[in-house]
Amino acid sequence: MTERFKNHIDGEWVDAISGAVFENRNPSDVNEVIGLFPRSGKEDVEAAVSSARSALSAWKSLTPLERGNIVFEAGRIMTGRKKELAESLSRENGKTVKGALGDVQSGIDMAYFAAGEARRWYGKTTHSGLKKRFAMTKRYPVGVVGIITSWNFPMAITSWKTFPALVCGNTVILKSEENTPETAVRFVRIMEEAGLPKGVLNLIHGFGPEAGEALTLHPDVAMVSFTGSSGVGKIIGKNCAGRLAKTSLELGGKNAVIIMEDADIELAADGVVCGAFSISGQRCTATSRVIAHEAVYGEFVKKLLDKTSKQKIGPGSDDSSDITPLISKKQFDRVMGYVERAKKEGARILTGGERLIGGVYDKGYYIAPTVIDNVSHDMEIAREEVFGPVLVVFKASSYEDAVRIHNLSPYGLSASLFTKDVNRAFLFFDDVDAGVCYINAPTFGSEPHLPFGGVKNSGLGYREAGWAAIEAFSEVKTLYVDYSAKIQNVQFERKD
């Protein structure tokens, strides 16, 4: 019998008020229904927000250390169940268990980091411009926070947002992504076991236009933190800006690797294949573009195609798989649409570009890793985030030309340069439009103790993770104590 999961509101596991449900299927075997989940709507969001609002006063009255201790305990529990969590995540996400273990470990790392930051919830003291006046700042919670996650790193992203939000004293409504809702259920169960009071963390399942839209428009939600596509991010930003709510939007990318004439070509090819095709390119930091110097372009492309041909494509249940299935038919159709339109515009498919069929491939949505050239910079495939195993290659005449090509993208999330020239490496940090930069490594994200986010269409509002998350999920008050025994103000005219 298919398991039926529930929302979590005010400490209770409950069905959607409407009683409606949706299916969660295994991307590696779409015939397997993992579970039925509540299809939440406006009424369920209202109940969750009401619960979070009621729990806010008691939760924020705890010391940061008390809140951090609960988060630390959650990290300890996650550590003990790492394999179990990874196996469940793999089943609903489609990545290998080996890959899912990294996802869970990222969540554990963030738990311990956020718990430690509870002792570092610092304000600042400074001198006033006036005599006999003490000046300082102190951090306070934002309030009720709505968190909307993505499916590609469901445990990591949920942890990166929720743990800092809780340590800062906020209460949370977590809206799971409809492709990976069981990971969110397991996360909330761990928080319960760690001792989180009821109402502090509420979970709703459902779809963006229904549950997500209602959450972003709710007048009592003081902040929304979202990871996902730039298109959806713009809708959320508009909804929140219209009611002056705080937003943190971590959005898409069209990430590029630049390969200079002095690069280690073997290393660069390994890095590009890993960056472009791991979990089928379903990462916001996936390598979507390569910009190779004309002096090594031919050699690099040859190695790239050779290494791509050796990638093993298979289900997440096979830990030896290098490339796993796409998350859903919707995503498959989206990716193939980009490829087909690129061909119509004159792009050339060097390898891949088709659906794989037969045997295990018939149980999921597999696309052969795809490399495309003969692309102009104004083509859709060169500008838009595909979110699949599709890579576009460009040729550059110089470092300056490569940077110019890189910065033509409307996105700016992660960027990489392969070179042995230390001067170029440091110039690269200054020259490229990107929030995260790598030298001699693939386009990846950040570690939990460092800020993560992008520029241009890749993000808006705040960096997440690291100390930046503490700043994002808290508000600063400026505080004065005047002990001059007279009325004085820096905005008044005064005699010095």
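Note that this is a predicted model, so its numbers are computed, not measured. (Residues numbered from 1 in each chain as written. Predicted model: local features only at pLDDT ≥ 70, side-chain atom pairs only at ≥ 80, totals over all residues. Heavy atoms only, no water.)

(A) The arrangement of the sheet that holds strand S6 (residues 133-141) in detail. Judged by pairing direction, the sheet is antiparallel, and its 3 strands sit side by side in the order S5-S6-S22 without closing on themselves. Two strands close off the open sheet at either side, each with one partner strand: strand S5 (125-127) and strand S22 (474-482). Between one strand axis and the next, the sheet turns by 25° as a mean value, whatever way the strands run. (Pairing = 2+ DSSP bridges. Helix = DSSP H or I, 4+ residues; strand = E, 2+ residues; numbered from the N terminus. Axes fitted to C-alpha atoms, helices over the stretch in contact; angles between N-to-C directions.)

(B) Seen up close, the packing of helix H3 (residues 82-93) against helix H6 (residues 181-193). Close contact between H3 and H6 brings their axes to 8 Å; oriented N to C, the two are set at 155°. Considering their axes alone, H3 and H6 lie roughly antiparallel with respect to each other. The segment H3 lies against H6, with Glu84, Leu85, Ser88, Leu89, Arg91 and Glu92 engaging Pro181, Glu182, Thr183, Arg186 and Ile190. Split by residue class, the contact of H3 with H6 holds 4 nonpolar, 2 polar and 5 charged. (Parallel < 35°, antiparallel > 145°, perpendicular 65-115°, else oblique. Contact = heavy atoms within 4.5 Å. Nonpolar A, V, L, I, M, F, W, Y, C, P; charged D, E, K, R; others polar.)

(C) Highlighting the packing of helix H2 (residues 64-80) against H6. Contact geometry of H2 with H6 gives a least axis separation of 8 Å together with a crossing angle of 120°. Judged by the angle between their axes, H2 and H6 are oblique. When the axes of H2 and H6 are compared, the crossing they make is right-handed. Within the contact between the two elements, H2 uses Ile70, Ala74, Ile77 and Met78 and H6 uses Ile190, Met191 and Glu193. Considered class by class, the residues forming the contact of H2 with H6 number 6 nonpolar, no polar and 1 charged. (Left-handed = near helix turned anticlockwise from the far one by under 90°.)

(D) Region of interest: the state of the cysteines. As enumerated under the stated definition, the model contains 0 disulfides in all. Free of any disulfide, cysteine 274 has its nearest cysteine sulfur in cysteine 284, 15 Å distant. (Disulfide = S-S within 2.5 Å.)

(E) Highlighting the environment of methionine 191. Considering the arrangement of structural elements, one finds methionine 191 in helix H6. Distance in space between the C-alpha atoms of methionine 191 and valine 490 is 47 Å, their sequence separation being 299 residues. Each residue touching methionine 191, except ones within four places of it in the same chain, is listed here: Ile70, Ala74, Phe163, Leu166, Leu196 and Leu201.

(F) Fine view of a nonpolar patch on the surface. Together, Phe134, Val481 and Tyr483 make up an exposed nonpolar region whose accessible area comes to about 310 Å². With respect to the helices and strands, the residue phenylalanine 134 is situated in strand S6. Residue class for phenylalanine 134 comes out partly exposed when judged on its relative accessible area of 36%. (Patch = residues over 30% accessible without salt bridge, like charges linked within 9 Å, V, L, I, M, F, W, Y side chains within 5 Å. Areas by Shrake-Rupley, 256 points an atom, 1.4 Å probe, with all protein chains shown as cover. Salt bridge = Lys/Arg side-chain N within 4 Å of Asp/Glu carboxyl O. Buried < 20%, exposed > 50% of the residue type's maximum accessible area, 1.4 Å probe, protein only.)

The analysis is restricted to geometry; functional conclusions fall outside its scope.
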